[in-house]
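Chain by chain, the residues run as shown.
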Amino acid sequence: MKYLKTTLTALTLAFGVAGFAHAAPIEIKFSHVVAENTPKGQMAIKFQQLIAERMPDKVEVKVYPNSQLFGDNKVLEAMILGDVEMAAPSVSKFNKYTKKLQIFDLPFLFKDMDAVDRFQQSDSGQELLNSLKKKGYVGLGYLHNGMKQISASSPLQVPADAKGKKFRIMSSDVLAAQFEAIDAVPLKKPFSEVFTLLQTRAIDGQENTWSNIYSKKFFEVQPYITQSDHGVLDYLVVTSAEFWMGLPDDVRADVKTTLDEAIVYGNKVANDKAMADKQAIIDSGRSKVIVLSDDDRQQWIESMKPVWKQFEKEIGPELIQAAVASNQ
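Along each chain, residue indices are assigned from 1 in the same order as the chain's sequence is written. Only residues with pLDDT of 70 or above have their local features reported here, since the model is predicted, and side-chain atom pairs are shown and tallied only from 80 upward, although totals for entire chains, interfaces and linings are computed over all residues. Side-chain measures here rest on the full set of heavy atoms in the structure, leaving out hydrogens and waters.

Enquirer: For the packing of aromatic side chains, give the residues involved together with the corresponding values.
Expert: Each pair of aromatic rings taken from Phe, Tyr and Trp, with Trp reduced to its six-membered ring, is defined by centres within 6.5 Å and is described as stacked if the planes are under 30 degrees apart, edge-to-face if over 60, and tilted in the remaining cases. Under the definition given, this model contains 9 aromatic pairs. Aromatic side chains Phe104 and Phe119 sit 5.8 Å apart centroid to centroid with 65 degrees between the ring planes, which places their arrangement in the edge-to-face category. With a gap of 15 residues between them, Phe104 in the loop between strand S3 (86-87) and helix H4 (113-121) and Phe119 in helix H4 connect regions that are remote in the sequence. We note that Phe104, like Phe119, is buried. Under the scheme applied here, a residue whose accessible area is under 20% of the maximum for its type counts as buried, over 50% as exposed, and between as partly exposed, the area being computed with a 1.4 Å probe on protein chains only. On the accessibility criterion, Phe119 (1% relative accessible area) is buried. Joined through ring pairs, the aromatic side chains of Phe104, Phe110, Phe119 and Tyr142 make up one cluster. Strands here are runs of E lasting at least two residues and helices are runs of H or I lasting at least four, both read from the DSSP assignment and numbered beginning at the N terminus.

Here it is in C-alpha cells:
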C-alpha cells in the first residue's frame, strides 16, 4: 500500500510538471485598422516576430490588421471585456477618457515629428501615458504615423477654398472645430469607410498622412493633396490594466522591453515611409501635390490656431506651452 501511494504521488507530480511545462503561452491579440505595410502594421509584425524569438513558450502575439477583429470605435470596449489584449488606436480615440490627449489634435501645434518626439519623451508627455489608468487602461507607448495632409476633389490653396466642403475626420471635437474654423463641414466616419466615401463623392476630402493616403489608395480617388503638415497622426499603444497587471512580473517586463523596441522600429518606418510614399503618389500622376507658399501657409495657421484657445481649458494651458516649447 505504501508503494502504491508513493507511485501515485510520483505519477501525480510527473503529470503536474509535464502539464505545467506544456502550459499554453499567454495570448496577446493585437488589433489594428490599417494595412500591414503601414508604420503601425510593420510595428505590430515586428513585435510579433520579436516575441516569437524571445518568449516562444511564454507569450504568443496574434496580429489582426485592417479591422479584421475590431474597428477603432469598438476595440477599447472589447479590451475591457477581455476580447482583445492590445491595440494602437489614434490618440483622438481617447478623448472621451481624458481631455488632455486632445493636445495631439490641435492644428499647427508641432512644426515637425522631431518636435512631437521631444514632447512625448518629456515628463509632460510621459505623464499623459498614465492619464488613462482610472478608466482601466494602460498607455504603453506612442507610435508615429506622421504629419497630416489634406486631400480634396478640388484644389485647396488657401482656407477659403475649403468653404462648404465635406471632410471626413476621426471622432474628435478638436478636429471638428479645426474644419469648422475654415467654414468646412466635418463628418465623423470610420477609417474603413473613407475610400468608398471618397470614391462615391459622398465626401469632398479628408486629412491623413502620406502613409495612409498611399496604403489605402486615397490618392487614386482624390485629384489634389495639399501639403499642409497641419497636424500629427499618432497612435497610443494600449492594453487593459487588468490584463497588464495580471501578467507575471518577469513576463510583463520582457513584453514591455520588446514592445519598446518594436515601437522604435515602427517610428523609423514611419519616418522613412513618409517621404517614400509621398514620392510614390507624385510619381503615380493620380494626384497633384500642392505646395503652399509661406503666405498661403500663414493663412491656414491664422484660420485654425484659434482652436487652441477653444480647448485650452480642457487640455491645460501648461501642457500646451510644454508642447510649444518642444518646437525650439
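Enquirer: An account of the packing of helix H2 (residues 39-54) against helix H10 (residues 249-284) is requested, with residue identities and associated values reported.
Expert: One way to put it is that H2 packs onto H10 with a least axis distance of 8 Å and a crossing angle of 145 degrees. Handedness of the crossing formed by H2 with H10: right-handed. On H10, the residues touching Pro39, Gln42, Met43, Lys46, Phe47, Leu50, Ile51 and Arg54 of H2 are Val255, Thr258, Leu259, Glu261, Ala262, Ile263, Tyr265, Gly266, Val269, Ala270 and Lys273. Think of it as three bins: nonpolar holds Ala, Val, Leu, Ile, Met, Phe, Trp, Tyr, Cys and Pro, charged holds Asp, Glu, Lys and Arg, and polar takes everything else, Gly as well. Looking at side-chain class alone, the contact of H2 with H10 contains 12 nonpolar, 3 polar and 4 charged residues. Axis definition: a line fitted to C-alpha atoms, limited for helices to the stretch in contact. Angles are taken between N-to-C directions and run from 0 to 180 degrees. Crossing handedness is read from the near helix: turned anticlockwise from the far helix by less than a right angle, it gives a left-handed crossing, and turned clockwise, a right-handed one. Residues are treated as being in contact if the distance between any of their heavy atoms lies within 4.5 Å.

Enquirer: Before we move on, could you go through H4 and cite the residues and values that matter?
Expert: Side chains three or four residues apart in an α-helix point the same way, a direct result of the helix having 3.6 residues per turn. For H4, the set of buried residues is Met113, Ala115, Val116, Phe119 and Gln120. The arc that holds every buried residue of H4, seen down its axis, measures 155 degrees, which confines them to one face. Its buried side turned inward, H4 meets helix H5 (123-129), strand S4 (137-152), strand S9 (232-240) and helix H13 (317-325). We call two N or O atoms a polar contact when they sit within 3.5 Å, provided that within protein one can donate a hydrogen and the other can accept it, with sequence-adjacent residues counted only if both atoms are side-chain atoms. Capping the start of H4, Asp112 holds a side-chain oxygen 3.3 Å from the backbone nitrogen of Asp114, two or three residues further along. The arc in question is formed by the directions pointing from the helix axis toward the C-beta atoms.

Enquirer: Any chance you could break down the side chain of Asp234 for me, citing the residues and the numbers?
Expert: Positionally, Asp234 belongs in strand S9. Under this rule, positive means Lys or Arg and negative means Asp or Glu; His and the chain ends count for nothing. Every case where a carboxyl oxygen of Asp or Glu lies within 4 Å of a side-chain nitrogen of Lys or Arg is listed as a salt bridge. In this structure, Asp234 is buried with no salt-bridge partner, the nearest side chain bearing the opposite charge being Lys148 at 10 Å. Separated by 2.6 Å, the side chains of Asp234 and Gln120 make a polar contact. In this structure the side chain of Asp234 is engaged in a polar contact, spanning 2.9 Å, whose partner is the side chain of His144. Those residues within four positions of Asp234 in sequence are excluded, and the remaining contacts are Pro89, Ser90, Val91, Met113, Val116, Gln120, Leu143, His144 and Asn145.

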